[in-house]
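# Descriptive analysis of the structure
The residues making up each chain are set out below.
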Amino acid sequence: MLQDLENNFSEIERKILALQKNYRNLTEKLSELSSEHEELKVKYDEERRRNQVLAEEQKNIKLYSAISGNPEHNRLMKNHINRLVKEIDFCIAQLQNSGL
């Protein structure tokens, strides 16, 4: 009976040591994954900003193309001019309402 208890305690001790080792491995893996996650977030933000810059550049290129007379982009130019006219009209209305 004493031998059985010793065997049980040895088995429990072995399992505890294995669990501790697994815990250390998992915490190391979590740390690695957390740092990788942070790096990927930074890369994602950089790519998103780069994408926004490229989208703005593309918009400007289309606008310049329309200004230069490219018939393919005439509709874009008309829409842009209409938006600017609406903005100007809105500003004029605000100035008139404020009494200036």
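The structure under discussion appears in the preceding block.
Here goes a summary of the coordinates provided.

How each quantity is defined
- Residues numbered from 1 in each chain as written.
- Predicted model: local features only at pLDDT ≥ 70, side-chain atom pairs only at ≥ 80, totals over all residues.
- Heavy atoms only, no water.
- Helix = DSSP H or I, 4+ residues; strand = E, 2+ residues; numbered from the N terminus.
- Rg over C-alpha atoms; globule rule 2.2 N^0.38 Å.
- Buried < 20%, exposed > 50% of the residue type's maximum accessible area, 1.4 Å probe, protein only.
- Areas by Shrake-Rupley, 256 points an atom, 1.4 Å probe, with all protein chains shown as cover.
- Lys, Arg positive; Asp, Glu negative; His and termini not counted.
- Charge placed at Lys NZ, Arg CZ, Asp CG, Glu CD.
- Salt bridge = Lys/Arg side-chain N within 4 Å of Asp/Glu carboxyl O.
- Patch = residues over 30% accessible without salt bridge, like charges linked within 9 Å, V, L, I, M, F, W, Y side chains within 5 Å.
- Expected span 1.5 Å × (residues − 1).

Across its full length, the protein chain holds 2 helices and 0 strands. A globule of 100 residues ought to have a C-alpha radius of gyration of about 13 Å, yet the protein chain, at 34 Å, is considerably larger. Counting every position in the protein chain, which comprises 100 residues, the buried fraction comes to 5%. For the protein chain, the exposed surface amounts to about 9,400 Å²; the carbon and sulfur share of it is 57%. When the 16 positive and 17 negative side-chain charges of the protein chain are each reduced to one mean point, those points stand 9 Å apart.

This part is about the pattern of salt bridges. Oppositely charged side chains can pair when the atoms bearing their charge come close. If you walk through the whole model with that rule in mind, you get 4 salt bridges. Among the salt bridges present, the one from E11 reaches R14, with a minimum N-O distance of 2.3 Å. A residue pair is termed a helical-turn pair when its members lie 3 or 4 positions apart in one helix, as E11 and R14 do in helix 1 (residues 2–67) at 3 residues. In this structure E11 comes out as partly exposed when scored by relative accessible area, which is 32%.

This part is about the environment of R24. Of note, R24 is situated in helix 1. Sequence separation of R24 and A55 is 31 residues, and the distance between their C-alpha atoms is 46 Å.

Turning our eyes to something else, we now look at a negative patch on the surface. Taken together, E28, E32, E36 and E39 make up a surface patch of like negative charges. By the element assignment, E32 lies in helix 1.

On the surface, a cluster of nonpolar side chains totalling about 700 Å² of accessible area is made up of M1, L2, L5, F9, I12 and I16. Here I16 shows up in helix 1. On the basis of relative accessibility, which here comes to 42%, the residue I16 falls in the partly exposed class.

All right, on to helix 2 (residues 74–98) then. Under the 1.5 Å per step criterion, the end-to-end length of helix 2 is 36 Å for 25 residues, consistent within 8% with the ideal 36 Å. The first or second residue beyond helix 2 is G99, which carries a positive phi of 90°.

Once that is clear, we can look at the environment of Q52. Relative to the helices and strands, Q52 resides in helix 1. Along the sequence, Q52 and L2 sit 50 residues apart, while their C-alpha atoms lie 73 Å from each other.

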